[in-house]
Amino acid sequence: MTPAGFLTYALALGVAAAIPGPGIVALVARALGAGFGAAMAFAAGLILGDLTYLAAAIFGLSLVAEAFGAVFVVVRYGAALYLAYLACRLWRAAGAGARVEAAARDRPLASFVAGLTVTLGNPKTIVFYLAILPTLVDLRGVTAADFATLVIVTAAILLAVTTPYAALAARARESLRRPAFRTRLNRGAAAIMAGAAVWTVLRRA
């Protein structure tokens, strides 16, 4: 791949990632409900999900994805159910105090798995890597070095996009110390997470 090819891919991915979708909405809700650390673990799951679809496109698995489209439907509904579960937990934890919030912070693996699940079931991600990417990159000409570069570029861009969202949401959460505000914040985050679950189910592309 040429530098121009990498730049085109980077710009397209940056625009697609910056447009709020189920992943970003869920990330913000995670930051509001459990803090910056949990949100970044969630972001790591989002990034791994993107890299999974990148590898699928590069190594010619898009045909397999089309043949087993039902699998992606199951994954999408699974992601929606998991988001709904997280929303219920946030709503029930509202007003429970710092002890509950600390427990949420201590489970980065759960946040990571949540991010991965959301991305694997996100129609926007699927469309970008399995439909739009082939129009931006000559997949047949991608070498091992090109693929390694694409992985680095993808991870860097997604990290650059998700970190500000997580930081701003976490700062808003930390700035509201009073229990009444914390209760409203957790319930607001739960509502956002529930909305992301509904969006994941209803949105097709």
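Small disclaimer: the values here were computed from a predicted structure and weren't measured.

**Looking at the overall build of the protein chain**
So, step 1. Each helix and strand in the protein chain was counted, giving 10 helices and 0 strands.
So, step 2. Across the protein chain, helices and strands are ordered from the amino to the carboxyl terminus as α-α-α-α-α-α-α-α-α-α.
So, step 3. Put simply, the protein chain has 205 residues, and 44% of those count as buried.
So, step 4. Excluding contacts between residues fewer than 6 apart, the proportion of contacts in the protein chain whose partners are at least 24 apart in sequence is 90%.
So, step 5. Accessible surface, the protein chain as shown: approximately 10,000 Å² in total, 72% of it carbon and sulfur.

**Some thoughts on the packing of helix α3 (residues 36-58) against helix α8 (residues 123-136)**
So, step 1. At a closest axis distance of 9 Å, the pairing of α3 and α8 adopts a crossing angle of 25 degrees. With respect to their mutual orientation, α3 and α8 come out roughly parallel. Both α3 and α8 take part in a crossing whose hand is right-handed. Taking contact as the criterion, the partners of Asp50, Tyr53, Leu54, Ala56 and Ala57 in α3 are, on α8, Thr125, Ile126, Tyr129, Leu130 and Leu133.
So, step 2. Across the contact of α3 with α8, the residue classes break down as 8 nonpolar, 1 polar and 1 charged.

**Description of empty space enclosed by the protein**
So, step 1. Within the structure shown, the criterion is met by 1 cavity of 30 Å³ or more.
So, step 2. There is about 250 Å³ of room inside the largest cavity.
So, step 3. Ala17, Asp50, Lys124, Thr125 and Leu158 are, among the 20 residues lining the largest cavity, the residues nearest its centre.
So, step 4. At the level of secondary structure, the elements contributing two or more residues to the lining of the largest cavity comprise α1 (3-18), α2 (22-34), α3, α8 and α9 (144-174).
So, step 5. If one sorts the elements of the lining of the largest cavity by residue count, α8 sits on top with 4 residues.

**Observations concerning the UniProt feature "transmembrane region" (unreviewed entry) in the protein chain**
So, step 1. Look at the UniProt record and you will see "transmembrane region" (unreviewed entry) annotated at residues 6-29, 36-61, 67-88, 109-132 and 147-172.
So, step 2. Span residues 147-172 is 100% helix and 0% strand, its end C-alpha atoms 38 Å apart.

**Observations concerning the packing of α2 against α3**
So, step 1. The interhelical angle for the contact between α2 and α3, taken along N-to-C directions, is 155 degrees, at an axis separation of 7 Å. By the criterion of interaxial angle, the relationship of α2 to α3 is roughly antiparallel. When the axes of α2 and α3 are compared, the crossing they make is right-handed. Here Gly23, Ala26, Leu27, Arg30, Ala31 and Ala34 of α2 lie close against α3, whose contacting residues are Phe36, Ala38, Ala39, Phe42, Ala43 and Leu46.
So, step 2. Residues that form the contact of α2 with α3 fall into these classes: 10 nonpolar, 1 polar and 1 charged.

**Side note on the nonpolar core**
So, step 1. One finds Tyr9, Leu54, Tyr129 and Leu133 to be the most contacted residues of the largest nonpolar core, which totals 38 residues.
So, step 2. Within the residue set of this core, elements represented by two or more residues are α1, α2, α3, α7 (108-120), α8 and α9.
So, step 3. Considering every element that reaches this core, the biggest residue donor is α3, with 12 residues.

Conventions used here
Residues numbered from 1 in each chain as written. Predicted model: local features only at pLDDT ≥ 70, side-chain atom pairs only at ≥ 80, totals over all residues. Heavy atoms only, no water. Helix = DSSP H or I, 4+ residues; strand = E, 2+ residues; numbered from the N terminus. Buried < 20%, exposed > 50% of the residue type's maximum accessible area, 1.4 Å probe, protein only. Contact = heavy atoms within 4.5 Å. Areas by Shrake-Rupley, 256 points an atom, 1.4 Å probe, with all protein chains shown as cover. Axes fitted to C-alpha atoms, helices over the stretch in contact; angles between N-to-C directions. Parallel < 35°, antiparallel > 145°, perpendicular 65-115°, else oblique. Left-handed = near helix turned anticlockwise from the far one by under 90°. Nonpolar A, V, L, I, M, F, W, Y, C, P; charged D, E, K, R; others polar. 1 Å grid on protein atoms, 1.4 Å probe; cavity = no way out; pocket = protein on both sides within 12 Å on 5 of 7 lines; lining within 4 Å. Points joined across faces, edges and corners; volume = space filled by probe spheres on them. UniProt positions renumbered as here; feature names shortened; annotations may be inferred. Core = buried A, V, L, I, M, F, W, Y, C linked by side-chain atoms within 4.5 Å.

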